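Listed here are the chains, written in short residue letters.
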Amino acid sequence: MARPHVVIVGAGFGGLATAKALHRAPVDVTLVDRHNFHTFQPLLYQVATSGLASADVAYPVRGIVARQANLAFRQATVIGADLEGRIVHLHHDDHDVADLPFDHLVVAAGATANTFGIPGVDRHGFPLYNLADAVRLRNHVLERFEAAEARPALVDDGALTFVVVGGGPTGVEVAGALTELFHRVLRRDLPRLPVERARVVLVEMQDQLLAPFRAPSQRHALETLTERGVEVRLGAQVARVRADRVVLDDGEELAAHTLVWAAGVQANPLGRALGLATGRAGRIVVGADLQVPGRPGVWAIGDVAAIASGGRDGELLPQLAPVAIQSGRFVGAQIAAATTGRAPATSFRYRDKGTMATIGRSRAVAELPLGIRLWGLPAWLAWLGLHLVMLAGFRNRISVFANWAWNWLTYDRGPRLIFRSGPRRAG
Ligand SMILES: Cc1cc2nc3c(=O)[nH]c(=O)nc-3n(C[C@H](O)[C@H](O)[C@H](O)COP(=O)(O)OP(=O)(O)OC[C@H]3O[C@@H](n4cnc5c(N)ncnc54)[C@H](O)[C@@H]3O)c2cc1C
């Protein structure tokens, strides 16, 4: 009899965790991702701010799963499904469309930016969700400095003003890293340019930064960023954006040629494309066992899934890597149990191991279980250690560690490259 076929959509934290949990199960697994690499999203901001190279935060999926005998990888985009017929539709880059039958389908397609329909953000904003976003932002930032050196009048027009929207961990990390890049590195690179006039403006609609953290961590983030020259605008919202202007809701117009959008998350639209019921921010509705209600054998995990926190208030679990990893492992174990006749667990329980955010060189906040709170250098060292351990691939860990050590000792940022892949030349 043919072994059950498990199709996992997405080789992010969640999809890889499911795949690994099925290592010994009597199933055949096909892992599908539109990219041939896994992206370590928590360090994307360092690629965007020239701290790390692209290859440091991405790892070939085939290299990760090569030793798993029951797994095949397919680079393709899932574009839809016939859930009754138990088939997903794939699109390959060469425009070929193919069908892939499944017995179990695990949707682990992650999240994307939510611009809330604010005029101009889709067109002019820079989100930070994948490697292409990070490289695009890095190119754009460095190009503003090159352009300003060539035409100094651009400085008055806002070429060196960078607005970061969203005071959550990503916004705080980007703002801290940008100000360091400008005042420690680009100031040396561009001695004829008044780099001291470069501004980083962090706009947050709430009255504090780092909303999920406690008040002392929030204060530490605010004080550190302010000390380092970031202009923090609390209680402010972006009303509209043009290529060279950002207008706030109180009517203030900032001359700025860059808007980094770190303010909103929504689920990958794949849930809707598959015809699955979605809830808040497009997240796929799942039961306590992470199966889609009324669709046995269809599961959703990680950022794309609306996983209840288990509290009375109907809150959902946050879109964080540990949620994706734990939910991925859980679904892998559920499928393994189903295929070996063992009783599956009835509900997923998330174990919160705490949260961290960096605020730039030698500064971070960390809130860990048992009420352990760290700020400043100890939190930063804990953050470095955790991210090194979580990175896929030994080579990446060595490379990231070497880069961090070099950056810390010399204030240098090696990968400050403007790199665009142009059209292929004929002949
Ligand atoms: C800038 C940034 C910083 C972050 N920092 C932190 C942090 O410090 N700590 C933390 O815990 N979390 C952080 N997160 C959140 C964390 O990265 C996510 O929660 C986690 O990646 C979710 O894992 P996932 O498997 O659900 O999705 P992802 O890791 O996003 O993986 C989804 C995969 O699906 C693939 N895919 C999508 N659509 C399709 C399709 N139609 N067909 C085929 N493949 C598809 C994508 O290519 C991707 O590989 C950060 C996120 C971002 C964007």
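Residues numbered from 1 in each chain as written. Predicted model: local features only at pLDDT ≥ 70, side-chain atom pairs only at ≥ 80, totals over all residues. Heavy atoms only, no water.

**Thoughts on unusual backbone geometry**
Now for step 1: For Phe 116, which is not a glycine, the phi torsion comes out positive at approximately 55°.
Now for step 2: Mapped onto the elements of the fold, Phe 116 is located in the loop between strand E10 (111–113) and helix H5 (121–124).
Now for step 3: The backbone of Leu 290 shows a phi angle near 70°, a positive value even though the residue is not glycine.
Now for step 4: Within the secondary structure, Leu 290 sits in the loop between strand E20 (284–285) and strand E21 (298–300). (Helix = DSSP H or I, 4+ residues; strand = E, 2+ residues; numbered from the N terminus.)

**With respect to the packing of helix H1 (residues 13–21) against helix H11 (residues 321–340)**
Packed helices, taken two at a time, are described by their axes: the angle between them and the distance between them.
Now for step 1: Put simply, H1 and H11 touch, their axes get as near as 7 Å, and they point 30° apart. Taken together, the axis directions place H1 and H11 in an arrangement best described as roughly parallel. Judged by the twist between their axes, the crossing of H1 over H11 is right-handed. Every residue of H11 that contacts H1 at Phe 13, Gly 14, Ala 17, Thr 18 and Ala 21 is listed here: Ala 321, Ala 324, Ile 325, Gly 328, Arg 329, Val 331, Gly 332 and Ala 333.
Now for step 2: Residue composition of the contact of H1 with H11, by class: eight nonpolar, four polar and one charged. (Axes fitted to C-alpha atoms, helices over the stretch in contact; angles between N-to-C directions. Parallel < 35°, antiparallel > 145°, perpendicular 65-115°, else oblique. Left-handed = near helix turned anticlockwise from the far one by under 90°. Contact = heavy atoms within 4.5 Å. Nonpolar A, V, L, I, M, F, W, Y, C, P; charged D, E, K, R; others polar.)

**Remarks on the packing of helix H12 (residues 376–390) against helix H13 (residues 394–410)**
Now for step 1: Viewed as axis vectors pointing N to C, H12 and H13 meet at an angle of 155°, and their least axial separation amounts to 9 Å. Considering their axes alone, H12 and H13 lie roughly antiparallel with respect to each other. Seen from above, H12 lies across H13 with right-handed handedness. Every residue of H13 that contacts H12 at Trp 380, Trp 383, Leu 384, His 387, Leu 388 and Val 389 is listed here: Arg 397, Val 400, Phe 401, Trp 404 and Trp 408.
Now for step 2: Grouping the constituent residues of the contact of H12 with H13 by class yields nine nonpolar, one polar and one charged.

**Focus on the pairing of strand E13 (residues 199–204)**
Now for step 1: Within E13, five of the six residues are buried, which leaves it mostly tucked inside the rest of the structure.
Now for step 2: For the segment spanning strand E12 (residues 161–165), helix H8 (residues 169–189) and E13, crossover handedness is right-handed.
Now for step 3: One crossover worth recording links E13 to the parallel strand E14 (residues 231–234) by way of helix H9 (residues 215–227), and it is right-handed. (Buried < 20%, exposed > 50% of the residue type's maximum accessible area, 1.4 Å probe, protein only. Right-handed = clockwise from strand over helix to strand, strands pointing away.)

**Looking at the site of the ligand**
Now for step 1: In the region of the ligand, 29 residues are neighbours, and Gly 14, Asp 33, Gln 41, Val 78 and Asp 303 sit closest.
Now for step 2: Gln 41 has a polar side-chain atom sitting 2.8 Å from an oxygen atom of the ligand.
Now for step 3: At 3.2 Å from an oxygen atom of the ligand is found a main-chain nitrogen or oxygen belonging to Gln 319.
Now for step 4: Calculation on the ligand without its partners gives an accessible area of 1000 Å², and the protein chains cover 91% of this total.
Now for step 5: Listing elements by their share of the shell around the ligand, those giving two or more residues are H1, strand E6 (77–82) and H11.
Now for step 6: A per-element tally of the shell around the ligand places H11 first, with three residues.
Now for step 7: Residue composition of the shell around the ligand, grouped by class: 14 nonpolar, twelve polar and three charged.
Now for step 8: Residues from two domains meet in the shell around the ligand; each of domain 1 (5–113 + 265–340) and domain 2 (121–263) gives at least three. (Near = heavy atom within 4 Å. Polar contact = N/O pair within 3.5 Å; in protein donor to acceptor, adjacent residues only side chain to side chain. Areas by Shrake-Rupley, 256 points an atom, 1.4 Å probe, with all protein chains shown as cover. Domains from an automatic or database assignment.)

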